[in-house]
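Understanding the architecture of this molecule
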Amino acid sequence: MSKTLIDFLTANHLLDTRRFHLIHMQKVWNHLQQQLDAANKEVKDLKSGHRGACYACEPVGELNEKLEAELKRERDKNAKTK
């Protein structure tokens, strides 16, 4: 069975439409992934104290991280000596 020109054009149009939708869906997915990454970073910043309602939140958050790291090192050091 031979294809007519209309069948050929219709088939190509369907392929082009599917490609367009796949590309569009990939762009939407990438955009949503970026939004999710930004939201996760914001939650992390809020939990760590790097972001909050006052001007001192960021320095306090950094200090908390340093103190937590130092505390962890001391705990690890004490665990090795026991």
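What you see is a predicted model; the values in this text were computed from it and never measured. (Residues numbered from 1 in each chain as written. Predicted model: local features only at pLDDT ≥ 70, side-chain atom pairs only at ≥ 80, totals over all residues. Heavy atoms only, no water.)

**Regarding the overall build of the chain**
What the chain contains, in helices and strands, is two helices and zero strands. In summary, the chain has a C-alpha radius of gyration of 28 Å against a globular reference of 12 Å for 82 residues, an excess of more than 25%. The principal-axis extents of the C-alpha atoms in the chain amount to approximately 85 × 40 × 10 Å. When the accessible surface of the chain is split by element, carbon and sulfur atoms take 61% of a total near 7,900 Å². Side chains of the chain carry 15 positive and 12 negative charges; the gap between the two charge centres is 5 Å. (Helix = DSSP H or I, 4+ residues; strand = E, 2+ residues; numbered from the N terminus. Rg over C-alpha atoms; globule rule 2.2 N^0.38 Å. Areas by Shrake-Rupley, 256 points an atom, 1.4 Å probe, with all protein chains shown as cover. Lys, Arg positive; Asp, Glu negative; His and termini not counted. Charge placed at Lys NZ, Arg CZ, Asp CG, Glu CD.)

**A short note on the pattern of salt bridges**
Summed over all chains, the structure comprises three salt bridges. Across the pair aspartate 76 and lysine 72 runs a salt bridge whose closest N-O atoms are separated by 3.2 Å. With aspartate 76 and lysine 72 both in helix 2 (residues 57–81) and four residues apart, the pair spans about one turn of that helix. (Salt bridge = Lys/Arg side-chain N within 4 Å of Asp/Glu carboxyl O.)

**Details of a negative patch on the surface**
The grouping of Glu58, Glu62, Glu65 and Glu68 at the surface amounts to a negative patch. Here glutamate 58 shows up in helix 2. (Patch = residues over 30% accessible without salt bridge, like charges linked within 9 Å, V, L, I, M, F, W, Y side chains within 5 Å.)

**Here we look at the environment of leucine 32**
Relative to the assigned elements, leucine 32 resides in helix 1 (residues 5–48). Classification of leucine 32 as partly exposed rests on a relative accessible area of 45%. (Buried < 20%, exposed > 50% of the residue type's maximum accessible area, 1.4 Å probe, protein only.)

**Re the environment of lysine 3**
Take lysine 3: it is sitting in the segment before helix 1. Along the primary structure lysine 3 and leucine 14 are separated by eleven residues, whereas in three dimensions their C-alpha atoms are 15 Å apart.

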